[in-house]
Amino acid sequence: MIGEHDVLVIGAGCAGMRAAIEAHDAGADVAMISKLHPTRSHSGAAEGGINAALGNAAEDSPETHAYDTVKGSDYLGDQDSIEIFTREAPHDIIQLENWGAFFSRQPDGRLAQRPFGAAGSPRTIYAADITGHVLIQVLYEQVCKRDIKVYEEFFAWQLVVDDERCQGVICWDLLNGGLKTVGGKTTVLATGGAGRQYRVTTNAYACTGDGTAMALRAGVPLKDMEFMQFHPTTLYPTGILLTEGCRGEGAYLLNKDGERFMKRYAPNALELASRDVVSRAEQTEIDAGRGVNGSVMLDMRHLGAERIIERLPGSRELAMTFAGVDPIYEPVPVRPGAHYHMGGIETDSDGATELTGLYAAGECACVSVHGANRLGGNSLMETITFGRRAGRAAAEWAMSHTTIEVPEALERDAERELQELLDRGSGERPWKIREELGTSMLENFAVFRREEQMERQLEIIPELRERFRKVYVEDKGTVFNSDLTQAIELGNMLDTAWCMVQAGLARKESRGAHARPYDYPTRDDEHFLKHSITRWVDDAPELSYGPVRMTKWQPEERKY
Amino acid sequence: MMQVALKIWRYDASTGDRALREYEVDAPEEATLLDVLDIVKDKVDGSLAYRKSCRMMICGSCGMRMDGAAVLACKTRMYDVAQSGHVPVISAMGNLPIVRDLVVDMDPFWEKFKAMKPYLQPGYERPDDGREYRVTQERMNAVKKEALCINCGCCVSECNAMESDPEFLGPQALAKGFRFVGDPRDGATVERLEQYSGEHGIWECTRCFFCNERCPKGVDPRDAIAKLGAEAVKNGIDRDMGAKHAKWFIRSTETTGWLRETELVPKTQGVVSSIKQMKFAMNLIKHNKAGLAFPPHVAANVGEARNLHKLVHEQGVLGAAGHIQGERALSKLEHGYHEGGDPYGPGSFPKPYLPEDTE
């Protein structure tokens, strides 16, 4: 063991840093482990904003925010968690501002709020269109202020579970090489999403579901894995995100005839319907031949140069760099792309998982606030509010318990497994398996899902896993061996993708991001108003179901 | 598809071997430098080491040099380079120790970041209604460009001053410093300026403007350093020779309407230190390059210079506020489009990848 801490936070994006700050302030000795430097985390790529019912721009309340979130989740969100979430969000936002976050302002000097999809009031606090970047910066500043230890460029690989308790993590030290074990009385997983399972995604190369896979293999149940959100506006051809803020500021979506097609799908909310609705509308247009080479057009020209430069400079820069189009003068080609995983490690509203000493927060967790479909702006808020709650709970548990034990056998096993991988002298390189996974997931398990395609995907993934067993890591070095870590990441993506498709095939209804228009076009509350729960048994996922926690809101038809 | 050729400076830390290797791969036309490196790593040489993550120029991982100039690999489109037949040389960033291939040790970079006390030190207690500080967007915009910094290190890589003094705080740390000095909510302005004005601080910048030139996000770190200098002088923190030097420019133009260079040395270095320069001064005088005129010559239109001085004081635009923010952040992209011209012609942004109509 190279270090022992009260609280160990794996992942240093918004959720991880917020958890570490809270645990530190609660008096615990905290360390963060991250395969990237904290400011490189993909939270920083969030653009549009963060939701809290401050009521600055128009009348608003946590109850309205909660209702919008419940409705957006297609009634699969746990309503007790959602109520905690919307009630505590405003305070968390004020705290971030007080820490120095560079948010945009309205003329009276208070925080500005913009309209976002499926929100009953302009509720989204923002910093132009670099909100995630601003949050990452302010959180890292606070981490520096507290001098919190960070194991930078440590690739977390396996959780140490002994005595039915999580006691730390075995990591690969990217910079210097070698397996290193870090002990923690409690561990908070905050490793983010797994969008890299898809060929077209807004996610960073780093978003490979490492924490989710680690927890899964440690016997921890995952929840609602079938729900992958497709963001309606990702750039053609790269899948790079253009914020919902573009539509929040008034951009139109046009098909090849120049028609604002959203009026046929969501006559009231139009472009600002919830993301699943807009993505489906786009996909329908594209499938019906009304797209432009697999895209629709996002038109911002009528907003005018000044507004685009003031409010959406980052999106403009992205469109110009990656699509060669200046949105001031031309519409931008966009299409749905894998964006956010609503499912994840099952936790209670304090981030605690089924395994003692293991907590989770942020995208890798499923609290579940987002249910079957997340609203834009709710994920950043979730990282902060539930990151804080998980950090607090983890610190409190850690400080009332004393010992950490890491059995040597576990470390030896890990060492042996790694050596086997590195000693392999030939075999298939990981990229081909990665590309096949990405392409097949996009084809068979994307915006619209067909029974036979999901069945095919359930055959493809075990085949890819079989090939992955013989994967060849060409780099045998110790210093910055990213060839090795990329291979391990591929294994994590394969396992979590398997869970997703299995849960998807079994859910015989259309709810939120899970749309089966060909066989089960409607929501089926009688049979499927329940969470899918996935456990890892005998090297394969096993599916069961759990209840949805309801408080005030009964399911009703969802219209925008 | 297109063919792209690259030369990459490889470095093996365990042996200390350095080698320039050439690679040629097929890549899609929209490929960036990062995409090309990925193809090389996947299909040609798995041992190539570089950092990457977001591939959308916000995480700051993939700073490296192309033909000797720092770039973000994910922002650099390869189409034009490949078409021209030029084979670019890719190497690790400068001014930071190389760990392996294109990976540098960022520790010295982050040490300087942390040395800036990079967190808000509120000037007054939290607003007593428990709400946010009331600050106008206009006042916050004073640090708008600095808030864009993604800590990629491109500016540090190119910094000429850091090349001669590795301890120089450097453009990214100082830009971060101004992020707080210019923030109306921060109350530690004087302490910060004292600290940043010390040795290896504000005044060590040589004003080569390479940081402004190479910053992929339009932060313009040199402008931030200039604003720090102006704020320091405004707050009377001017013990450094750099500050005294700058002050004499103002004093001299205000009094006589031109720069009295002969007096610049004693005003900057002090009398004692200037005596050591006597021999050099005598040589200058001998060749009619300098001299003391008494009373000093006063420019004919000195009134204009004095009026300008007065105007700055009257309008209260001393310090950073007087620094001309000649361009908006990201404006470097703006020259891409000329009304009526060919938006994709030479010198504009890269070739468009608008999908073609399927028909």
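Caption draft 1: Spotlight on the interface of chain A and chain B. With 56 residues of chain A in contact, the opposing surface of chain B contributes 57 residues. Elements supplying a minimum of two residues to the side of chain A that touches chain B: α3 (79-99), α4 (131-146), α10 (313-322) and α15 (482-506) of chain A. The element best represented in the side of chain A that touches chain B is α4(A), accounting for 6 residues. Looking at the side of chain A that touches chain B, its residues break down into 27 nonpolar, 17 polar and 12 charged.

Caption draft 2: Region of the structure containing the sheet that holds strand β11 (residues 228-235) of chain A. All names here are of chain A. Read from one edge of the open sheet, 4 strands run β11-β14-β13-β12, paired in antiparallel fashion. Since the sheet does not close on itself, it has two edges, and those belong to β11 and β12 (252-254), each with one partner. Put simply, the sheet's adjacent strands are angled 45 degrees from each other on average, direction ignored. In this structure, β11 lies alongside strand β14 (residues 332-341), joined through 6 bridges in antiparallel fashion. Within the sheet, the bridge partner assigned to Q229 lies in β14 and is Y340.

Caption draft 3: Examining the confidence of the model for chain B more closely. Residue and element names in this part refer to chain B. Looking at chain B, the pLDDT average stands at 88 and 90% of residues meet or exceed 70. Throughout residues 326-338 the model reports pLDDT below 50, and contacts reaching past four residues in sequence, or to other chains, amount to 22 contacts. Every residue in residues 342-355 is under pLDDT 50, and counting partners more than four places away or in other chains gives 31 contacts. Predicted complex, confidence summary: ipTM 0.96, pTM 0.94.

Caption draft 4: Structural context of unusual backbone geometry. Backbone torsion omega between A:Y236 and A:P237 reads 0 degrees, so that peptide bond is classified as cis. As for its position among the elements, A:P237 is in the loop between β11 and α6 (245-248). Here the amide bond leading from A:V367 into A:S368 is cis, since omega sits at 5 degrees, within 30 degrees of zero. Structurally, the position occupied by A:S368 is in the loop between β17 (365-366) and α11 (378-399). For B:K117, which is not glycine, the phi torsion reads 50 degrees and is therefore positive. Position of B:K117 among the secondary structure elements: in the loop between α3 (107-115) and α4 (137-140). Within the chain, B:N288 stands out as a residue other than glycine whose phi angle is a positive 60 degrees.

Conventions and cut-offs
- The numbers attached to residues start from 1 for each chain and follow its sequence in the written order.
- Following the order in which they are written, the chains are lettered starting with A and the ligands numbered starting with 1.
- In keeping with the model being predicted, local features are shown solely for residues with a pLDDT of at least 70 and side-chain atom pairs are shown and tallied solely at 80 or more, while totals for entire chains, interfaces and linings include all residues.
- Our contact criterion uses C-beta atoms placed from the backbone: two residues qualify when those atoms are within 7 Å.
- Helix numbering and strand numbering both begin at the N terminus, where a helix is a DSSP run of H or I of at least 4 residues and a strand a DSSP run of E of at least 2.
- Under the scheme applied here, ten amino acids are nonpolar (Ala, Val, Leu, Ile, Met, Phe, Trp, Tyr, Cys and Pro), four are charged (Asp, Glu, Lys and Arg), and all others, including Gly, are polar.
- Being paired, for any two strands, means DSSP has found at least two bridges between them.
- The angle between two axes is taken between their N-to-C directions and runs from 0 to 180 degrees, where each axis is a line fitted to C-alpha atoms and a helix contributes only its stretch in contact.
- Note: pLDDT gives the predictor's confidence per residue, expressed from 0 to 100.

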